[in-house]
Amino acid sequence: MEILQVRNLSKVYGEGESRVKALRDISFSMEKGEFAAVVGESGSGKSTLLHCIGGLDTPTQGKVFLEGEDLFALDEKRRTVFRRRNIGFIFQAFHLIDELDVEQNIAFPLLLDHQKPDRERIDELIALLGLGERRKHLPGQLSGGQQQRVAIGRALVMQPMLILADEPTGNLDSKSSRDVMDLLIRAARHFKQTVLMITHNDNLAADADRVFRVTDGCLKDMGGKTHEKLS
Amino acid sequence: MKNYLDLIPVSQKIHRKQSRMARLCIGLSVFLITAIFGMADMEIRSQNAQAKINYGEWHAGLGGVSDEEAELIGRRPKTLACTRYDTLNYRLSMHYQVAGKEAIIIGFDEEALDIFPAAHLEEGRFPQEEGGVIVDRNMQKALSLNLGDGIVLSVPDGTERIYHITGFFGQMPMLAKKDVFGLAMRTEEFRKLPLEGAEGNHDSFVYVKFSPWCNIQREIRELQELFRIPDERVSRNELLLATIGQSKDVSMLAIYGVALLLAFLVAVAGVLMITGSLNSNIVQRTEFFGMLRCLGASKGQVARFVRREALYWCRTAVPAGTGLGMAVVWALSAVLRFLSPAYFGGMPYFGISFIGLAAGSVIGVATVSFAAGSPARKAAGVSPLTAVSGNASGRTRMKKAANTRMYRIETALGIHHALGSRKNFVLMSCSFAFSIILFLAFSVAVDFMEHAVKPLKPYAPDISVISPDNSCSIDRALAEGLMGVDGVKRVYGRSFAYDLQINTEGGARQAYLVSYEACQFGWAKDSLIEGSLAEVMEGDGILAVYHGEDSLRAGQEAVMVLDRDRSVGMGSGEEERQITVSGVLSDCPFHSAGGEEILICSEETFEALAGGKDYTVIDIQLERDAGDGTVEGIRSLCGEEMIFSDSRLSNAEVKGAMYSFRIFVYGFLGVIALICAFHIMNSIAMSVSARMSQYGAMRAVGMDGGQMVKMVAAEAAAYGVWGMLFGCLAGVPLHYVCFDKMITYRWGTGWYFPAVSLCVIGAVVACSLVFAVYGPVKRIRELSVVDAVSGR
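Residues numbered from 1 in each chain as written. Chains lettered and ligands numbered in written order. Predicted model: local features only at pLDDT ≥ 70, side-chain atom pairs only at ≥ 80, totals over all residues.

## Side note on the sheet that holds strand E1 (residues 2–13) of chain A
Residues and elements named next belong to chain A.
No. 1: One open sheet accounts for four strands, arranged E2-E1-E4-E5; its pairing is antiparallel. Looking at which strands have only one partner, the edges of the open sheet turn out to be strand E2 (20–31) and strand E5 (69–70).
No. 2: Bridging between E1 and strand E4 (residues 61–66) involves five bridges; their strand directions are antiparallel. In the sheet register, arginine 7 faces E4, and the bridge partner there is lysine 63.
No. 3: Helix-sheet contacts for helix H1 (residues 46–53) involve E1, E2 and E4, and the interaxial angle to E2 is about 60 degrees. (Pairing = 2+ DSSP bridges. Helix = DSSP H or I, 4+ residues; strand = E, 2+ residues; numbered from the N terminus. Contact = placed C-beta atoms within 7 Å. Axes fitted to C-alpha atoms, helices over the stretch in contact; angles between N-to-C directions.)

This is the structure:
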C-alpha cells in the first residue's frame, strides 16, 4: 500500500546570482512499512527533501501526498495538526523539551492533541526503548543515546504513518548509534510504520529496505538490500 | 582588527537582535532615571520660582532688630541681601487713603527689591531722597500718574502728606484682591508716619537672604545668639528653604526622607532591569563564548569581552536614554509654561537638568559595569567543550518537570518557563514588582498634591463686583451689560437676604438666603447629596447646606419668618412663608460665620420670598486671553461706588501651584507606568528569544499557533501575577509609610488602601502583558521551523 508519494518536488533558494536549486524535480513513493535511507554529500539537499516531505518547509514546485492527502493543499493550522498526527520526526540534536520528563516528552504529541495518554501504550513504548528506569528523568539527566531513544518514542507515540529521521545517530557514538538504529528498525517493523532516514553512515544505510542517493538536488533510487555497494 | 576586543562591533552586528534588546533595556532604564530625576529637579525649580514670587526670596525674617543690628547682619559675609520691612494699614483698619481709597504703606530698604521679586520695580528708581515713593501699577492706572507726579496721602490723624513718585512696581495679588493702593517708601520716610491705630509698632522686621551655599540654619542660630532674638521672633521661608535642601522643618524632613527613598527605588528599578537584560543576553550566547574559549581565549579575556561589550552598548543606549529623558522633561516644562506663563514663563525652553543627566548617565554606566560582572563570570566559566559538543543551547538546566496533570501542555510549559529557573523567576518577578512598588510609592504624591494644593473651584471668579453695604443694590441689567464686554466669559450674580429666621420642628434657626442662576446650579450638581436640584431650579423649594447632624434634610418643611424692616424687600413687619427643603448640598462657596443655615434658591423664589430683584454680588470669569483692557471695561461699567475685587493674580497663584504639581506628579506616574509597560514587553520578548529554537522544535512536532499563544501568555501571566503579588506585598506597606510621613504627619488624614492605584497599575500590567505576548508570538509564527531545528 502506497503511503508516501512525492511528485516533481523542486526547491529553489535565493534569486539572481545567489539562486540555488536545492531540489530538482524529485519524484518517488514509499510503501507502508518500508524503511528507506537517504544518503548524499553535505549540502546535496537531503535535509531539504526531508523538511519538504514533513511539511516543515514549502517546496517551490511539486506535491507531497501522504496516504492520498496533498500536504500543501492544507492551510498552516490544518497542516500542523496533520503533521502532529501522521508524521513523526527524529532530529540529530534530539530537540527534546527540557521542562518535560521522559514520559511527558514521549507523550508530548498526544498532549498537544489534547488526548489523554494511554498508560499501557506509553509503558509499552518505554519498555521497548529501554527507558524504564529513566521515565521520570529530565532530558538534562540523560545521555545522548538515551535522549535519542526518547525522541524516537516521541516520534512513535501517535503511531504516525511516516517517520522522518534526520541523521538520528549523528550526535552519538558507534554503540549508541547501533542501538538507536536497531530500535528504529524494530519499532518500525513492530508498528508497521514507514521510515525515511537521512544518514551519512553507509553501514547504517545498508540496513534499509531501499536507499536513495541525493546529488546536487537530484534523487536517485539505489534499490534495496540486494545492492552490495551503495556508491 | 588589532585586538580581540575589536570583535565586539562585529559580534554586535551578527547578534543584532539581542544587542538591540539589551540596548533598549539599558536605554529604558537610563530614560527612567533621567526622566524621574530630571522632573524632580524641574519641579523643585518650579517650586523655588513659585516660592520666590509668592513669599519672596528671603530665607529668614527676624523681629525686634535695631537699625545697627540690621546693618551688621547685612555686612556678614554669608548675607546676600538684608532689608528692614514694615507695613501700615495692612488690615485696612487705619484708613491711610489716597484719593479716597485705602492704601497699604510699606517701608523698606532698596535691597527689598531683590528679595521680593513680586514687588520688582517696573519703571523709575527706588526713592533715595525725602518725600519719594514708589506706587503700584493699579494706582498708576487709576489715577493716571507719571514719574515725578505728586500724590496726597491722607493719614489717620487727619493731616495730609505729599509725596512725589520715583517709580512704579508691578501688580501684587493681595493689593488687587483687596482693591487697594500700595505705596512703598524708604524706612526712614516710613517712620515719619503716625502710628495711631497701628496694628504693630515701628520695631523693624528684617528679612535676610543668605548665600544658598552656606548652612542657613546655622547662620540663623548664630544671628539669634548674637542679637538675642527669641525663637518666636524668627520666621523662616520654609518652602524656599525646602527647595534648596536647607529646611529643618520636621514635615519637610519627612518629605526629604520619602524623596530619598523614592530616588533609591528608581535607581534599584534601573539596576534590576539592566541586570535582567544582561543576564538573559549572555545566557543566549553561551555557545559563542564557548567557541571563543575553544579558539584560545582565556577566562579573563572572555570576562573582559563581556564587560567591554556591555559598556559598548552604553555608548548608544546612555545618550539615547538621557536624551529621551530630557525630551520628556522639556515637554512637561513646555506644558507648564503654556498653562501658567505668569509663573513659569521664566523657565527655560530647553533647560538642562544636570541632576537628571548625571543620575541617568552615572547610574546607567555604573549599573551596566556592575551588572556585567555576573554574566561575565558566567561566560568565562563556559567550557570549550560545550561549544563543540552542541550542548550549549543556553537553556537552563531544569530540576523539576512541568505539571501536565493540572494544566494543559501549553499552559504547563508556559508556567514552567516562568517558574522553572528560580533565579530568573525572582529577577523577572522582582523587576515587575518594582515597577508596581514604584507606582504605588509615587501615587502618594497625588494625595500629597490634593492636600497641599487646593484646586481652583469652577465657580471661582476672576473679578467680583460687590455691593458696598451687602444689599441687593446691583442692578440685574448690569450683569447683562457685563456679558457684552470683550474678554468676559461668564457672568453670574447672587442676591443675599440676611438675618432670616426659620422655624422647623426642632426649633427656630437663623439663616440667610442666596439666589442662584443656571451656572451656579450647574456647579452645585456635584455637591448634591440629597433631593433634587431640578425642583429648586424650577422654583419648587430651596436647597440647604449640610453642616452636621443638625442640618436640614431633604423633604423637611419649615416656616421662614421674613422681617421686612431688615430684609431687602419692601414693606414692613413680619411675614411667614412655608418653605420646603428640596435638596441638600455637601458644600457651597460661602460659609456662615455665626452658624446660620445657608439656604439657596432660584432667582424667582428669592424674589418671591425676599422681595429683592437685584444682585448683591456679580462674579465674572474672563477668557484666557483677556487683559487689563477687559478689566478696565468692567470697572468703567460698574462705576466707582461698587467694591471691585480682582482675583486674577491670586487665581494664577493657585493655578500655577496646581499645574506644576499635577504635571510633575502625573508625569512621574506616567513615566513609571510607561517604563513598567516597556519593561514587561521587553522582558517577555527576551525570554521568548532565548527559547526560539525550542519553540521551533515544538512547532516541528505539532504545536499549532494557538497553542504557542497560550504558552507565551501563560508564561507572561505567571510573571505578571507573581509580580503583582510581590509588588502588592511590598508596595502597600511602602505606600503606608510614605502616606504616613507625607500626609498623616502633616494633615492628620488617615491612610487608606490604595485600591485605585492598584487597579490602574494592574490595568497597565495587564495591557502590557497582552502587548508583550503579541510581539513574540508574531515572531514565533514567522519563525522558520527549518532554521530553528537546524540550529541556524
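## A few points about the sheet that holds strand E21 (residues 617–622) of chain B
Residue and element names in this part refer to chain B.
No. 1: Pairing is antiparallel in the open sheet, where four strands are placed in the order E13-E21-E12-E22. The open sheet has two free edges, formed respectively by strand E13 (488–494) and strand E22 (643–646), since each of these has just one partner strand. Direction aside, neighbouring strands of the sheet carry axes that sit 15 degrees apart on average.
No. 2: Where strand E12 (residues 463–466) and E22 come together, four bridges link them in antiparallel fashion. In the strand pairing of E22, valine 465 is matched with phenylalanine 644.
No. 3: Relative to the sheet, helix H19 (residues 476–483) contacts E13 and E21, its axis offset from that of E13 by approximately 170 degrees.

## A short note on the interface of chain B and chain A
No. 1: Facing 28 residues of chain B, the contacting portion of chain A comprises 28 residues.
No. 2: Each residue belonging to the side of chain B that touches chain A can be placed in one class, and the counts come to 13 nonpolar, 11 polar and four charged. (Nonpolar A, V, L, I, M, F, W, Y, C, P; charged D, E, K, R; others polar.)

## A short note on the environment of cysteine 25 of chain B
All names here are of chain B.
No. 1: Tracing the sequence through the fold places cysteine 25 in helix H2 (residues 16–55).
No. 2: Overall, the presence of 27 C-beta atoms within 10 Å leaves cysteine 25 in the buried class.
No. 3: On a C-alpha basis, the gap between cysteine 25 and serine 683 in space is 8.7 Å, while along the polypeptide they are 658 residues apart.
No. 4: With sequence-adjacent residues up to four places away left out, cysteine 25 is seen in contact with Met273, Ile274, Ser277 and Asn682. (Buried ≥ 20, exposed ≤ 12 C-beta atoms within 10 Å, placed from the backbone.)

## Quick word on helix H23 (residues 628–638) of chain B
All names here are of chain B.
No. 1: Regarding H23, the residues found buried are Thr630, Val631, Ile634, Arg635 and Cys638. Looking straight down H23, one finds that the buried residues subtend no more than 135 degrees of arc, so they occupy a single side. Residues of H23 that are exposed and angled more than 90 degrees away from the buried face: Gly629 and Ser636.
No. 2: Where the residues of H23 are buried, they touch E12, H19, E13, E21 and E22. (Arc of directions from axis to C-beta.)

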